[in-house]
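Observations on the three-dimensional arrangement
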There are 2 protein chains.
Amino acid sequence: MDVRTLCLGALMGGEATGYEIRKMFEDGTFSHFQIASLGSIYPALTKLTQDGLVTFVEHEQENRPDKKIYQLTQEGRRTFLRTLLQTRPAEDRYRSDILFMLTFAEEMPIELTEALIDEFAARHEMMSMQIDPENPDKPAPQTSHGRDEDGTPKPGCCFVAGLGQAMCEATLKFIRENKQGLLDELRNRKANKS
Amino acid sequence: MDVRTLCLGALMGGEATGYEIRKMFEDGTFSHFQIASLGSIYPALTKLTQDGLVTFVEHEQENRPDKKIYQLTQEGRRTFLRTLLQTRPAEDRYRSDILFMLTFAEEMPIELTEALIDEFAARHEMMSMQIDPENPDKPAPQTSHGRDEDGTPKPGCCFVAGLGQAMCEATLKFIRENKQGLLDELRNRKANKS
DNA sequence: ACTATCATATATCAATTCGATATAGTCAAT
DNA sequence: ATTGACTATATCGAATTGATATATGATAGT
């Protein structure tokens, strides 16, 4: 899924600026399973405007850069829904420096291994708290993304949020149950080697 | 972590060709938490050779392109271990078209929602089987990546593999418990709307 | 027998995307 | 007083992906 499609999806929840769209991918609704940076969002919005899939209204603000509030056109909405129907979703990809590094646990000091695991746990704990299945867009709910016009959270979003939480909890549980075992085993091996 | 570092890590397990390194990220040891394509691996190996971190021996093969078997130099090994100690691991990032699409479940036919969930489950089931914590590099164990010189699986690899499996299982469990509820809710909403 | 398709193996390249930076003002905190 | 954080758009070099080219053997389907 390219950034253009992601932007269309972001605008399905209502109008937004490029900056707000980035926030949806940084902190908000989509942050746990899609990424898009400003450097790709702004060009994408420009292209979408040229293609007539979005329009924007420029709001002047006192002593601040103009705000361009983007909105889907009917054509944009149709295009996005067609994309949903036609796209064969790409493989999921999970990228974790920490897990990659932990693969080399034997080659590094045990304190580092423990620190990496703790860091991994801390990040997942934070993520788990950030995701609230009843309220998919926790931080800054000014814009009503993730919920319907009437304010009800969307069932799809709840499902996805719940799944994310389940994954976090499984991760934390695994660490609670296996961290000490790994550290002991590593200590054993070091002792045997010397 | 850039591709150069990933290549050094891949070569920590012993010598390999560029093609074999790609397989480690495609099917093998690292496939579930790091990605690297041939288009980035070959340039990375060239650069690493220039920098003296790896060397290669060219093996001619009858009726096949030459094979360049790469190997870490001592300098390369030291550099990688230093990187492990110094690098602040980047945030994990998980990217899933399916979860993104499911966010818009209300906007699409229920059959598509169900198909997407089933696809998601199928992929995780496959992944779960592919990961064997006792044997981190399931497919094609010619090269001994993920295990020590003596053939014992490395504890770090086992830990990471076990974690991956736990996540897969949690995902599958969540789907078993929540898929029907989501579909029912969606059907309800459609009925109420019309 | 013929034809795909896949696997091995290296290499290149356009298109995409990231990450950093520039600009510019407000606001809170140290 | 000044550092850092937030809002907001925009650009650009660098990294990376994904596709393609080349060459051949093996395997499987029609």
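Before any of the text, the structure's been laid out above.
For chain A, the helix and strand inventory stands at seven helices and three strands. Ordered by position from the N terminus, the helices and strands of chain A form the series α-α-α-β-β-α-β-α-α-α. Considering chain A as a whole, with its 194 residues, one finds that 48% of them fall into the buried category. Nonlocal contacts in chain A, meaning residues at least 24 apart in sequence, comprise 55% of its contacts between residues at least 6 apart. Summed over its atoms, the accessible surface of chain A is roughly 10,000 Å², and 48% of this surface lies on carbon and sulfur atoms.

Per the stated rule, a full pass over the model turns up 26 salt bridges over all chains. The salt bridge involving B:Glu119 is made with A:Arg88; its shortest N-O contact spans 2.8 Å. Here A:Arg88 lies in the loop between α4 (74-86) and β3 (93-95) and B:Glu119 lies in helix α6 (residues 110-130), a pairing that spans two chains. Classification of B:Glu119 as partly exposed rests on a relative accessible area of 25%. Taking relative accessible area as the criterion, A:Arg88 reaches 61% and is therefore assigned exposed. When salt bridges that share partners are traced, they join A:Arg77, A:Lys154 and B:Glu107 into one network.

Further remarks concern helix α3 (residues 38-50) of chain B. All names here are of chain B. Its 13 residues give α3 an end-to-end C-alpha distance of 18 Å, which sits within 8% of 18 Å, the value for a rise of 1.5 Å per residue. Listed in full, the buried residues belonging to α3 are Ile41, Ala44, Leu45 and Leu48. Take α3 and look down its axis: the buried residues cluster within an arc of 100°, on one side only. Facing away from the buried surface of α3 by more than 90 degrees, the exposed residues are Gly39 and Gln50. Within two residues after α3, Gly52 carries a phi angle of roughly 75°, on the positive side.

The subject of this paragraph is the interface of chain A and chain B. Counting residues at the interface gives 68 residues for chain A and 68 residues for chain B. In this structure, the connection of chain A to chain B is made through six salt bridges. Taken together, chain A and chain B are joined by 24 residue pairs in polar contact (both at pLDDT 80 or more). Elements with a contribution of two residues or more to the side of chain A that touches chain B: α1 (3-11), α4, β3, α5 (97-102), α6 (110-130) and α7 (155-193) of chain A. In terms of residue count, α7(A) provides more of the side of chain A that touches chain B than any other element does, 19 residues in total. Direction of pairing for β3(A) relative to strand β3 (residues 93-95) of chain B: antiparallel, over a ladder of three bridges. If you follow A:Tyr94 over to β3(B), its bridge partner there is B:Tyr94.

Rules behind the numbers
Residues numbered from 1 in each chain as written. Chains lettered and ligands numbered in written order. Predicted model: local features only at pLDDT ≥ 70, side-chain atom pairs only at ≥ 80, totals over all residues. Heavy atoms only, no water. Helix = DSSP H or I, 4+ residues; strand = E, 2+ residues; numbered from the N terminus. Buried < 20%, exposed > 50% of the residue type's maximum accessible area, 1.4 Å probe, protein only. Contact = heavy atoms within 4.5 Å. Areas by Shrake-Rupley, 256 points an atom, 1.4 Å probe, with all protein chains shown as cover. Salt bridge = Lys/Arg side-chain N within 4 Å of Asp/Glu carboxyl O. Expected span 1.5 Å × (residues − 1). Arc of directions from axis to C-beta. Polar contact = N/O pair within 3.5 Å; in protein donor to acceptor, adjacent residues only side chain to side chain. Pairing = 2+ DSSP bridges.

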